[in-house]
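Letter by letter, the chains look like this.
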Amino acid sequence: MKAHRLFFLFTLFSLLPALSMAEVAPPHEQANFLAGLPVHGSSLDRLTDMPGVQTHSKAFGTAWETLEKNQLSKIRDWAPQHLGATSTATDPLFYMFSGPDFLYAHTYFPRASTYVFCGIEPVGTLPDVAALPPEALQSALGNLRESLDSVLSFSFFITSKMKTDLSQTQLTGTLPVLYVFLAREGCHIDSVELVNLSEDGAFVAEKTAHSGVKIIFTHPGSAPQTLYYFCSDLSSWAIKRHPGFIKFCDSLGRGCALLKAASYLMHLNEFDAVRDFLLSHSRLLLQDDSGIPLEHFVPELWDLHHLGHYAGPIERFTQHYQPALAAAYQAQPSTDYLPFSYGYRWKARESSLMLAIETNAIPKALPLTEEQAANVLRATPR
């Protein structure tokens, strides 16, 4: 009898790892659940009758209906008209100081083969909503909605608020937010892998200064696409000390760049390395005034388009007002207001966008200033 009992226990414990793995729903089901979307046929379906889950689904449904009407649908109409073929190009997209803002990156550039995001928010752990007790799950979903409130209402993240909201529960870091945006954009998550970069920009198994996540996903009508998010300090001294992330970006070649609500960091000399990287690796750059200052775009290299209305920085960043940018807006023919909001100026009629497209035309007979010559050298592909 004792031998039979021992055999039973041995068999049970040998099956536990397999049973545990089988209970973890795949990433696309986790994403749909977190986004408040149906999960019919999934092991997570049993959780949808919980009051907190139903509240979460209704709240997100209402929020996305408003967001789609006021923002996303208007951007989808606007982008092809102003970005041309680039709006559907498959070039890599570099989005520095992004946080987990897949939503706007995908809306502007839906066909990018590779999205590279970077922020100071940690990646977190792979979500497993079924492992959370009911009370913890309800709290986690509430905090997830709170963390997304600013981007849904104003188009940008309040970083400190997001870090606080997502550090209070087991849904930590940027992964839950990325899951929500991918699901709400109609993407299917094929695989998710936590990754690390060496100082040479290569993938390594051990933990490094550049921790991140690699997500492969598909969107109807598109080939598989890859999203990378890395938690990395982009100040120049940090890049010099730990160049792995920038070297990884360099290995992807040249592409497009997006900047939004970037805290005017690239107005400072302390962030000149990432600023110069974007200027030398972007065929097209779309940004608000919090990105790269106008003075760093050499006229001989860039075709600049000023869209919307430049109202200057919000009160917190008034020291970064750009007289040259204001003059550029005043000098051009009247420009229509943007039909959507972008960046810190969250009211549509106050938002501005600068579209910079490389020209590759450097008139040899035109003398350049010392600063322009230095910028030309930095911006010339090697």
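Note that the structure is a prediction, hence the values are computed from the model and not measured.

Definitions and cut-offs
Starting afresh in each chain, residues are numbered from 1 along the sequence in its written order. The model is predicted, so local features are restricted to residues of pLDDT at least 70 and side-chain atom pairs to those at 80 or more, both for listing and for counting; the totals for chains, interfaces and linings are taken over all residues. As a convention, hydrogens and water are excluded, and side-chain values are obtained from all of the structure's heavy atoms. The way it works is that DSSP assigns letters per residue, a run of H or I at least four long becomes a helix, a run of E at least two long becomes a strand, and they are numbered from the N terminus. Throughout, exposure labels follow a simple rule: accessible area from a 1.4 Å probe, protein chains only, divided by the maximum for the residue type, with under 20% read as buried, over 50% as exposed, and the rest as partly exposed. Residues count as neighbours in contact if any of their non-hydrogen atoms are within 4.5 Å of one another. We get accessible surface area from the Shrake-Rupley algorithm with a probe of 1.4 Å; when it comes to residues, only the shown protein chains can shield them. We treat two strands as partners when DSSP finds at least two bridges between them. Orientation is described by lines fitted to C-alpha atoms, with helices fitted over the stretch in contact, and by angles between N-to-C directions that extend from 0 to 180 degrees. Each pair of aromatic rings taken from Phe, Tyr and Trp, with Trp reduced to its six-membered ring, is defined by centres within 6.5 Å and is described as stacked if the planes are under 30 degrees apart, edge-to-face if over 60, and tilted in the remaining cases. By convention a nonpolar core is built from buried Ala, Val, Leu, Ile, Met, Phe, Trp, Tyr and Cys residues, the set being connected through side-chain atoms within 4.5 Å. In predicted models, pLDDT denotes the confidence assigned by the predictor to each residue on a 0 to 100 scale. Any carboxyl oxygen of Asp or Glu within 4 Å of a side-chain nitrogen of Lys or Arg constitutes a salt bridge here. By the counting rule applied here, Lys and Arg register as positive and Asp and Glu as negative, while His and the ends of each chain are not counted. Any pair of nitrogen or oxygen atoms within 3.5 Å is treated as a polar contact; in protein, a donor-acceptor pairing is required on top of that, and neighbouring residues in sequence qualify only through side-chain atoms on both sides. Each angle is binned into one of four classes, with values under 35 degrees roughly parallel, values over 145 roughly antiparallel, values of 65 to 115 roughly perpendicular, and all other values oblique. Under this grouping Gly is polar, as are all residues other than the nonpolar Ala, Val, Leu, Ile, Met, Phe, Trp, Tyr, Cys and Pro and the charged Asp, Glu, Lys and Arg. The quantity called bend is, for any residue, the angle between two axes fitted respectively to the seven residues ending at it and the seven beginning at it.

Each helix and strand counted, the protein chain has twelve helices and ten strands in total. Here the protein chain holds 382 residues, and 50% of them are scored as buried. At a minimum sequence separation of 6, the contacts of the protein chain that also span at least 24 residues come to 69%. Total accessible area on the protein chain is roughly 18,100 Å²; 57% of this is exposed by carbon and sulfur atoms.

Attention shifts here to the sheet that holds strand β4 (residues 203–204). Spatial ordering of the open sheet is given by β4-β3-β5-β6-β2-β1-β7-β8-β10-β9, a layout of ten strands whose pairing is mixed. Among the strands making up the open sheet, the edge pair consists of β4 and β9 (302–308). Each of β8 (282–287), β9 and β10 (352–358) is contacted by helix α3 (residues 51–83), which is oriented at about 35° to β10, the strand it contacts most. Seen against the sheet, helix α9 (residues 244–251) touches β1 (93–96), β2 (114–119), β3 (188–197), β4, β5 (210–218) and β6 (225–231) and runs at an angle of roughly 165° to β2.

Looking now at the packing of aromatic side chains. Counting across every chain of the model gives 25 aromatic pairs. When the centroid spacing of 5.4 Å and the interplanar angle of 85° are considered together, the rings of Y95 and F117 count as edge-to-face. Highlighted residues: Y95 in strand β1 and F117 in strand β2, separated in sequence by 22 residues. Judged by its relative accessible area of 1%, Y95 falls in the buried class. We classify F117 as buried; its relative accessible area is 0%. Three or more aromatic residues joined by ring pairs make a cluster, and in this case those are Y95, F102, Y115, F117 and F217.

Take unusual backbone geometry next. In terms of backbone geometry, most residues other than glycine have negative phi values and most peptide bonds are trans. Despite not being glycine, A261 has its phi angle at roughly 50°, a positive value. Here A261 shows up in the loop between β7 (255–259) and α10 (272–281). The phi angle at S263 is positive, at roughly 60°, despite the residue not being glycine. Mapped onto the elements, S263 comes out in the loop between β7 and α10.

This next bit is on the nonpolar core. F102 and Y108 are the most contacted members of the largest nonpolar core, which totals 64 residues. Of the residues forming this core, the biggest block, nine residues, is contributed by α3. In this view, Y108 contacts I75, W78, A79, L83, S87, L286, F340, Y342 and L353; residues no more than four positions away in its chain are not counted.

This brings us to the confidence of the model for the protein chain. Here the protein chain shows a mean pLDDT of 85. Residues at 70 or above account for 83%. No element of the protein chain has a lower mean pLDDT than helix α1 (residues 2–23), at 44, and none a higher one than β1, at 98. Counting contacts from residues 4–22, a segment whose pLDDT is below 50, to residues more than four positions away or on other chains yields zero contacts. Across residues 361–368, where pLDDT falls below 50, the model places ten contacts with residues more than four positions away in sequence or in other chains.

Take the pattern of salt bridges next. This structure, assessed with the given rule, holds seven salt bridges. Close ionic contact of R76 with E185 constitutes a salt bridge, the shortest N to O distance being 3.3 Å. In this pair, R76 is assigned in helix α3 and E185 in the loop between α7 (175–184) and β3, connecting sequence segments 109 residues apart. Taking relative accessible area as the criterion, R76 reaches 35% and is therefore assigned partly exposed.

Further remarks concern the side chain of D289. Topologically, D289 is positioned in the loop between β8 and β9. No salt bridge forms around the buried D289; measuring N to O, its nearest opposite-charge neighbour R345 is 6.8 Å away. At a separation of 2.7 Å, a polar atom in the side chain of D289 contacts the side chain of Y264. Residues contacting D289, with those up to four places away along its chain left out, are Y264, H267, Y310, G312, P313, Q322, L325 and S352.

A separate point is the pairing of β6. Note on strand geometry: in a regular strand, side chains alternate between the two faces of the sheet. Counting buried residues in β6 gives six out of seven residues, a clear majority hidden from the surface. Examined bridge by bridge, β5 and β6 share seven bridges and lie antiparallel to one another. Bridging from a neighbouring strand, G212 pairs with F230 of β6.

One can describe the packing of helix α2 (residues 27–34) onto α7 by two numbers: an axis separation of 8 Å at closest approach and a directional angle of 85°. Between α2 and α7, the angle falls in the class roughly perpendicular. Together, P27, Q30, A31, N32 and L34 of α2 and P176, Y179, V180 and A183 of α7 make up the contact between the two elements. For the contact of α2 with α7, the class distribution of residues is seven nonpolar, two polar and no charged.

Next up on the list: the side chain of T174. Relative to the helices and strands, T174 is located in the loop between α6 (159–167) and α7. The buried category is assigned to T174, whose relative accessible area is 0%. Not counting chain neighbours up to four residues away, the residues in contact with T174 comprise P100, E121, P122, V123 and Y229.

Let's shift gears to α3. Maximal helix bending in α3 amounts to about 55°, located at E68. Taken together, the buried positions of α3 are occupied by G52, V53, H56, F60, W64, L67, Q71, L72, I75, W78, A79 and L83. Among the residues trailing α3, G84 stands out with phi positive, at a value near 65°.

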